[in-house]
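Remarks on the overall topology
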Amino acid sequence: MSQTKRAWKLQEFVAHGNNVNCVALSKKSGRVIVTGGEDRKVNLWIVGKPNCLMSLCGHTTPVESVRFGHEEEMVVAGSMSGALKVWDLEQAKIMRTLTGHTSSIKSLDFHPYGDYCTSGSLDCNVKLWDIRKKGCIYTYRGHKNGVNCVRFSPDGKWIASAGEDGIVKIWDITAGKILTDLTYHTGPVNIVEFHPNELLLASGSSDRTVKFWDLENFNMVSTTDGDSTPVRNILFHPEGTCLFSGTKDLLKVYSWEPSKCYDSIPVNWGEVADIAIGHNQLIGTSFSQTNVSTFVVDLKRVQPFGGIPHQEGGSNLSSSRNKFITERPPTQSSRQASVPKEDVEEPTQDKEDQDNDSFEIANPEDYREIFRPKSRLSHSPTRPVEPFQPPPDDGDMEPVRQPAPTRSNRTTKSSNKPPAKPVAKPSPRAPEEDKSGISPEDFLPKGGGNEGYTGVGKMPSEAEAFTTLSSGHEAMAKVLAHRSKNLQIVRAMWTSGNTKTAVDSAISMKDPSVIVDLLNVLNLKSGLWSLDLCSCLLPQVQDLMDSKYDSYVTAACEALKIILRNFGPVIKSNLTAPPSQGVDISREERYRKCRQCYENLSIIRSKVAQRGGAPGKVGQLLREIQILMASMD
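Residues numbered from 1 in each chain as written. Predicted model: local features only at pLDDT ≥ 70, side-chain atom pairs only at ≥ 80, totals over all residues. Heavy atoms only, no water.

1. Here we look at the overall build of the chain
Looking only at helices and strands, the chain has eleven helices and 30 strands in total. Taking all 633 residues of the chain together, 52% fall into the buried category. Look at the contacts in the chain between residues 6 or more apart in sequence, and 56% of them connect residues 24 or more apart. With the model as given, the accessible surface of the chain reaches about 30,000 Å², and the carbon-plus-sulfur share is 52%. (Helix = DSSP H or I, 4+ residues; strand = E, 2+ residues; numbered from the N terminus. Buried < 20%, exposed > 50% of the residue type's maximum accessible area, 1.4 Å probe, protein only. Contact = heavy atoms within 4.5 Å. Areas by Shrake-Rupley, 256 points an atom, 1.4 Å probe, with all protein chains shown as cover.)

Here it is in structure tokens:
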């Protein structure tokens, strides 16, 4: 067994019958996963086991966000329609269906005392819910774009919200108002986390940095150096000694006073969705299409807990910062005093049909072991929990793809042993069969008109293989060189300060890839958009909506979201305003641009309606745009 491996892939399994939209790990044990998908189901899994533990049904639109309760006794799930469902895992029943958001829910969190939860949505609002009374207590408004993350403070008195507008807001629950805006990020903020003890907050952003904030004076304590990719997930160590930061295929460990990188660990998890800590191991999870993957990092081999120090490693200095008071209030009235009694909103009529709510326990034995109905003290398995073991060799182990949850295997007791592989008969050309059971020759050309490879039924030589692999390389190199040259021209005009000229130059090149690169920049800097740019770029966005490349359609959809949110009301009001008296050249020019934008948006709307059923991230973006375009009616 490997004694040096620090991170490895534990498993990969099919989690839903359609694309997975969200994944969350239980923070208490790190051994239970909840997933939400396009199939409108919420499924629960045990880390390391292939079979579904239970399936929660009832949502009428795709599930976009999920979160465990602090004691793993509850799960809350938010859907694309803006509805929340809270499930009691001990009683095996749904507790509440809460409605009030007008768009997709992106983040959820439970109050430390369990009676409340909070949600952040694409409708730019943060809501505080009373689970017992089945209603919204307060709506916090202030973000100019969607809310990506919400978190309660350890004492339950504050809510931190991270916005697509690049701002972190701290809300005072008792006063029902904003305490401060934290504004030093230069891109969308994807995640926020409170320190478990100290008055300290960390935020991770698409600007590729993690920033630390002192919550006594609301000043920035420090910031990390920029990573190569956006920061998707962060987590403080339970003892508060360091912070873990997850980016694409990388885990970093930071201190904040001073800002130092203790360690950097490559992990092939792609875009990490959630991380948790248990038994001296960090568990990470990610998803792609219908599959969910889990990864393990051995913290005993990671600085500052062990292993070889990172070159930037620094000592963790003790802090004199004040602590959160995290003792639970002794009375019901004390807990109620932490929420605003005024401004209580009337519960809205449930839009989701509760008759469809169901709770299917697929594995009763594991369910009884983890969620013991008669005890709320501990939900950890009763049998000894051992750390996950690394693969038996030092090389990259090919993970076993687990079967999808079906009626035949849902009730079968899961086994830790991988399923047996089919035995293939030896081939005369492949005396040693590959472990996967797939022969490389199946992917080689079989001769007869293949340039660079003339043999039939024989392996190509090294020269022939190189010729085959390098064919088309020269043409691709020319395309990329031409694209680079065009981007340099656009960049030169951009840096001169004339954004409109740079955009016009990019459009005149008639190169969709250059337009996509330009849109990606503008999407990160939404403040650069103007009505003039909208009228210029909407025809290009219209063309990109027909592209066969998902990355092109995604860039176009993100631009459309900004245009509809920031300029939709302007376009509509200018078209419906009564004509002015006399000659107003500026108003007429504005009317002309708004008319042009409206016509382009009308064409795009029909294209969005045609592709609204597309799966995955593109389908999600298209459905969000459909909701935003409804405001143009």
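2. Things to note about the pairing of strand β13 (residues 135-141)
For a regular strand, side chains alternate in direction, first toward one face of the sheet and then toward the other. Burial analysis of β13 places six of its seven residues in the buried class, the great majority of the element. Looking at chain direction, strand β12 (residues 125-130) and β13 are connected through six bridges and run antiparallel. Paired with leucine 128 across the bridge in β13 is tyrosine 138. What sits between the antiparallel neighbours β12 and β13 is a turn of four residues, in which lysine 134 has the positive phi angle 60 degrees. (Pairing = 2+ DSSP bridges.)

3. Re the UniProt feature "repeat: WD" (unreviewed entry) in the chain
Feature annotation in UniProt places "repeat: WD" (unreviewed entry) on residues 13-45, 56-97, 98-139, 140-181 and 182-223, given in this structure's numbering. Within the segment residues 13-45, helix and strand shares are 0% and 55% respectively, and the terminal C-alpha atoms sit 10 Å apart. (UniProt positions renumbered as here; feature names shortened; annotations may be inferred.)

4. Observations concerning the environment of isoleucine 325
Turning to its location among the elements, isoleucine 325 is positioned in the loop between β28 (291-298) and α1 (332-336). On the basis of relative accessible area, isoleucine 325 is assigned to the exposed category, the value being 65%.

5. Structural notes on the sheet that holds strand β14 (residues 147-152)
Across the sheet, four strands lie side by side as β14-β15-β16-β17; this open sheet has antiparallel pairing. Because the sheet does not close on itself, it has two edges, and the strands there are β14 and β17 (177-182). When the angles between neighbouring strand axes are averaged without regard to direction, this sheet yields 20 degrees. Both β14 and strand β15 (residues 158-163) contribute to a ladder of five bridges, which runs antiparallel. The partner of valine 150 across the bridge, within β15, is serine 161. (Axes fitted to C-alpha atoms, helices over the stretch in contact; angles between N-to-C directions.)

6. Digging into the pairing of strand β18 (residues 189-194)
With six of six residues buried, β18 lies mostly within the body of the structure. Here β18 runs beside strand β19 (residues 200-205); their pairing, made up of five bridges, is antiparallel. Among the inter-strand pairings, glutamate 193 is bridged to a residue of β19, identified as alanine 202. Linking β18 to β19, which pair antiparallel, is a turn of five residues.

7. Notes on the pattern of salt bridges
Between side chains of opposite charge, a pair can form as their charged atoms come close. If you walk through the whole model with that rule in mind, you get 20 salt bridges. Across the salt bridge formed by aspartate 504 and lysine 500, the nearest N and O atoms sit 2.8 Å from each other. A residue pair is termed a helical-turn pair when its members lie 3 or 4 positions apart in one helix, as aspartate 504 and lysine 500 do in helix α6 (residues 499-508) at four residues. The exposure class assigned to lysine 500 is partly exposed, which follows from its relative accessible area of 26%. For aspartate 546, the salt bridge identified is with lysine 607, shortest N-O distance 2.6 Å. Placement of aspartate 546 in the loop between α8 (531-544) and α9 (550-576) and of lysine 607 in helix α10 (residues 585-611) is noted, with a sequence separation of 61 residues between them. If you follow the salt bridges from partner to partner, you end up with Asp298, Lys300 and Arg301 in one network. (Salt bridge = Lys/Arg side-chain N within 4 Å of Asp/Glu carboxyl O.)

8. Here's the deal with the side chain of threonine 139
For threonine 139, the location among the structural elements is in strand β13. A distance of 2.7 Å separates polar atoms of two side chains, one belonging to threonine 139 and the other to lysine 127. (Polar contact = N/O pair within 3.5 Å; in protein donor to acceptor, adjacent residues only side chain to side chain.)

9. As for the state of the cysteines
Under the defined criterion, the tally for this structure stands at zero disulfides. Take cysteine 597: it sits in no disulfide, and the sulfur closest to it among the cysteines is that of cysteine 534, at 5.5 Å. (Disulfide = S-S within 2.5 Å.)

10. A short note on the packing of aromatic side chains
Scanning the entire structure with this criterion turns up ten aromatic pairs. Ring geometry for phenylalanine 236 and tryptophan 256: centres 5.5 Å apart, planes at 85 degrees, overall edge-to-face. A residue pair is termed long-range when its members are at least 10 positions apart, and phenylalanine 236 in strand β22 (residues 233-236) and tryptophan 256 in strand β24 (residues 250-256) qualify at 20 residues. Grouping residues by exposure puts phenylalanine 236 and tryptophan 256 together as buried. Taken together, a centroid distance of 6.3 Å and an interplanar angle of 20 degrees make the contact between phenylalanine 244 and phenylalanine 305 stacked. One end of the pair, phenylalanine 244, is in strand β23 (residues 243-247); the other, phenylalanine 305, is in the loop between β28 and α1, with 61 residues separating them in the sequence. Phenylalanine 244 sits in the buried class, given a relative accessible area of 0%. Overall, phenylalanine 305 belongs to the partly exposed group, its relative accessible area being 34%. Here the aromatic cluster, defined as three or more aromatic residues joined through ring pairs, consists of Tyr138, Tyr140 and Trp171. The ring of phenylalanine 388 carries arginine 31 above its face, with NZ or CZ at 4.0 Å from the centroid. (Phe/Tyr/Trp six-rings, centres within 6.5 Å; stacked < 30°, edge-to-face > 60°. Lys NZ or Arg CZ within 6 Å of the ring centre and 35° of its normal.)

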